[in-house]
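Take a look at the letters that make up each chain.
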Amino acid sequence: AMRERIASVRTQFVDALKAAGVERDFSFLAQQKGMFSFTGLDKEQAVALRQRHSVYVVDSGRINVAGITDDNIERVVAAIKDVL
């Protein structure tokens, strides 16, 4: 059930980024596996996410996909859009 949930979150995340008008292609996120993903964000963008939006992404751009929920996905997407 957890594996299916995370796969669903990945698809929702990619779709939400696209729907929000984020021009960068994040479709690769849907193909990755596991609880974490490398987003391709750089260190400056990761720091900006933490400082400006309280969205925790490590400096390498890795994000906890399992922590993305229906309640916070829009905020996470808006934050990523802002730092790109």
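Everything below is about the structure printed above this text.
Read on for a plain summary of the structure.

Reading guide: rules and limits
Residues numbered from 1 in each chain as written. Predicted model: local features only at pLDDT ≥ 70, side-chain atom pairs only at ≥ 80, totals over all residues. Heavy atoms only, no water. Helix = DSSP H or I, 4+ residues; strand = E, 2+ residues; numbered from the N terminus. Phe/Tyr/Trp six-rings, centres within 6.5 Å; stacked < 30°, edge-to-face > 60°. Lys NZ or Arg CZ within 6 Å of the ring centre and 35° of its normal. Polar contact = N/O pair within 3.5 Å; in protein donor to acceptor, adjacent residues only side chain to side chain. Contact = heavy atoms within 4.5 Å. Core = buried A, V, L, I, M, F, W, Y, C linked by side-chain atoms within 4.5 Å. Buried < 20%, exposed > 50% of the residue type's maximum accessible area, 1.4 Å probe, protein only.

**Here's the deal with the environment of Lys-43**
In this structure, Lys-43 sits in helix α3 (residues 43-53). Taking the C-alpha atoms as reference points, Lys-43 and Ala-16, 27 residues apart in sequence, are found 23 Å from one another.

**Re the packing of aromatic side chains**
Inspection of every chain in the model, using the stated rule, returns one aromatic pair. Across the ring face of Phe-36, the terminal group of Arg-62 is positioned such that the distance to the ring centre comes to 4.6 Å.

**What about the side chain of Gln-45?**
Take Gln-45: it is sitting in helix α3. Polar side-chain contacts of Gln-45 include one of 2.8 Å to the backbone nitrogen of Asp-42. With residues up to four places along the chain from it excluded, the contact list for Gln-45 reads Arg-24, Gly-40, Val-83 and Leu-84.

**Some thoughts on the nonpolar core**
Among the nonpolar cores identified, the biggest contains 24 residues, and Phe-13, Leu-17, Phe-26, Leu-49 and Ile-80 are the most heavily contacted of them. At the level of elements, α1 (2-19), α3 and α4 (73-83) are the ones that each hand at least two residues to this core. Excluding its chain neighbours within four sequence positions, the residues that come into contact with Phe-26 are Val-14, Leu-17, Thr-39, Leu-41, Ile-80 and Leu-84.

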